[in-house]
Amino acid sequence: MELGILLIVLFLVLLALRVPVAAALGASAVLVIALGGLGLQVVSFNFQAGIAKFPLLAIPFFILAGAVMDRAGIAERIVRLLLGVVGGWRAGAALATVLAGMFWGAVSGSGPATVAALGGILIPMMVRQGYAPGFAAALMAASAELSIIIPPSIALIVYATLASTSVAQQFWAGILPGIFIGGLLGLAAVLVVRARGWGEAFNPGVPRIRLFLEALPGLLTPGIILGGIYGGIFTPTEAAAVGVFWGLFVGFFVYRTLRLGHLIPLLVEAGVSSGVIMVIVAWAGIFAWAADTVGLAGRVERALLQLAENPLGLMLLINAFWLVLGMLMDAVSIYYLTLPVLLPVMAHLGWDLVWMGIVMTVNMAIGQITPPVAVNLFVSARISGLSIEKIWREIWPFVLASVVGLLLLAYWPFLRRVLWGG
């Protein structure tokens, strides 16, 4: 069997056997490298080279920053403020959930982390407002998809590293599309809530100015991180470290909710999450190197270039491909598997790589809420105590809204001019 075909077959078989993605990538790549006599010594070198990149240092820091800010009580205060602002509307609880997902996306950069931070607060609150538990859990999961679109985003950091674009540019480009997709999710939530007759006005019983002052340290977080990046004060990697120290300062000295005993569990939590991502990055890089060395990547690239005469059709095909992969695999693996092949095609067609990074990331965000993998749904199920089937049945309005947003971002020239300036 040809080595390129063997590489793909081995990977798919291991996935079908429910082998973890990182292990499937690594095992199939190492076996093909050994059988092809490509030199097993390259494995250790590529493993180290794949993760020894300065922009990737931002990933563990942003994960730690999100964990620190959650433990410091910032999430709870932000939710109370949002409820104070929109809770007077019948669908106020649903809108507060979407807005909270948008805001926490500007803190954590991770969809599952956002569900974990906010789900324990927002899901019971929506249930108390009369929402079906499955709908509440689904809306929480869908709102968390915004975390990988709105900066700082771990997904955008990985994309920028592979595409050799600026992380700051990718962050800047993700703001308006993230707000746009959030608006569509909010509209879908309001329509469902009104159609089913759920919800009632919510009065927090506390003056809004007090809620604002309590939440102010948390509200300053995105401004400190993103303002420092765009103001040229520090790099995205340095901004991640600043976010950690700001969260510690707020937790220890402003809210006084953190103690020294909390630091070790927080470091362990961030270390485990970062380790999972970095292992996938390392093995996916080796898999991509093997695919390129045995000629598989070049063959796929040539096949795609033959379709370049119809760029809109090719765009549709690529988006469909990303959507399907997003339902089956994690975003980091998809970036490493597909970008080495697709980047030359995008360059040949003159597509803006920063813009394509946002389009690809929106696809990955939809994958986080679309069965069968749907990592956000599984986290939401664990937090809510519901079966995954009850949440699956309620997620489809939000999947539809997200797909509509993806198509508009990709194909509507006027909207693209508004969002991208060209």
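That block above? That's the structure.
About the criteria used
- Residues numbered from 1 in each chain as written.
- Predicted model: local features only at pLDDT ≥ 70, side-chain atom pairs only at ≥ 80, totals over all residues.
- Heavy atoms only, no water.
- 1 Å grid on protein atoms, 1.4 Å probe; cavity = no way out; pocket = protein on both sides within 12 Å on 5 of 7 lines; lining within 4 Å.
- Points joined across faces, edges and corners; volume = space filled by probe spheres on them.
- Helix = DSSP H or I, 4+ residues; strand = E, 2+ residues; numbered from the N terminus.
- Nonpolar A, V, L, I, M, F, W, Y, C, P; charged D, E, K, R; others polar.
- Buried < 20%, exposed > 50% of the residue type's maximum accessible area, 1.4 Å probe, protein only.
- Arc of directions from axis to C-beta.
- Contact = heavy atoms within 4.5 Å.
- Core = buried A, V, L, I, M, F, W, Y, C linked by side-chain atoms within 4.5 Å.
- Axes fitted to C-alpha atoms, helices over the stretch in contact; angles between N-to-C directions.
- Parallel < 35°, antiparallel > 145°, perpendicular 65-115°, else oblique.
- Left-handed = near helix turned anticlockwise from the far one by under 90°.

### A short note on the layout of surface pockets
Point 1. A volume near 270 Å³ is recorded for the second largest pocket.
Point 2. Lining the second largest pocket are 13 residues; nearest its centre among them are Lys53, Gly285, Ala288, Trp289 and Tyr336.
Point 3. Every element with two or more residues in the lining of the second largest pocket is listed here: α3 (41–51), α13 (260–293) and α16 (331–349).
Point 4. Split by residue class, the lining of the second largest pocket holds 8 nonpolar, 3 polar and 2 charged.

### Quick word on α3
Point 1. For α3, the full list of buried residues reads Val42, Val43, Asn46 and Gly50. For α3, the angular spread of buried residues about the axis comes to 100°, placing them on one side. Counted as exposed and oriented over 90 degrees from the buried face of α3: Gln41, Ser44 and Phe45.
Point 2. Where α3 is buried, its residues meet α2 (21–35), α13 and α16.

### Some points on the nonpolar core
Point 1. Formed by 155 residues in total, the largest nonpolar core has its most connected members in Ile59, Trp104, Leu118, Trp322, Tyr335 and Phe398.
Point 2. Ignoring sequence-local partners within four residues, the contact set of Phe398 consists of Phe135, Ala138, Leu139, Ala142, Leu185, Ala188, Ala189 and Ile369.

### As for the packing of helix α15 (residues 311–328) against helix α17 (residues 353–367)
Point 1. Orientation of α15 relative to α17, taken along the N-to-C sense of each, is 40°, at an axis distance of 7 Å. Taken as axis vectors, α15 and α17 run oblique relative to one another. Of the two elements, α15 crosses α17, and the hand of that crossing is right-handed. Taken together, the residues of α17 that come into contact with α15 (itself represented by Met315, Asn319, Trp322, Leu323, Gly326 and Met327) are Trp355, Met356, Val359, Met360, Asn363, Met364, Ile366 and Gly367.

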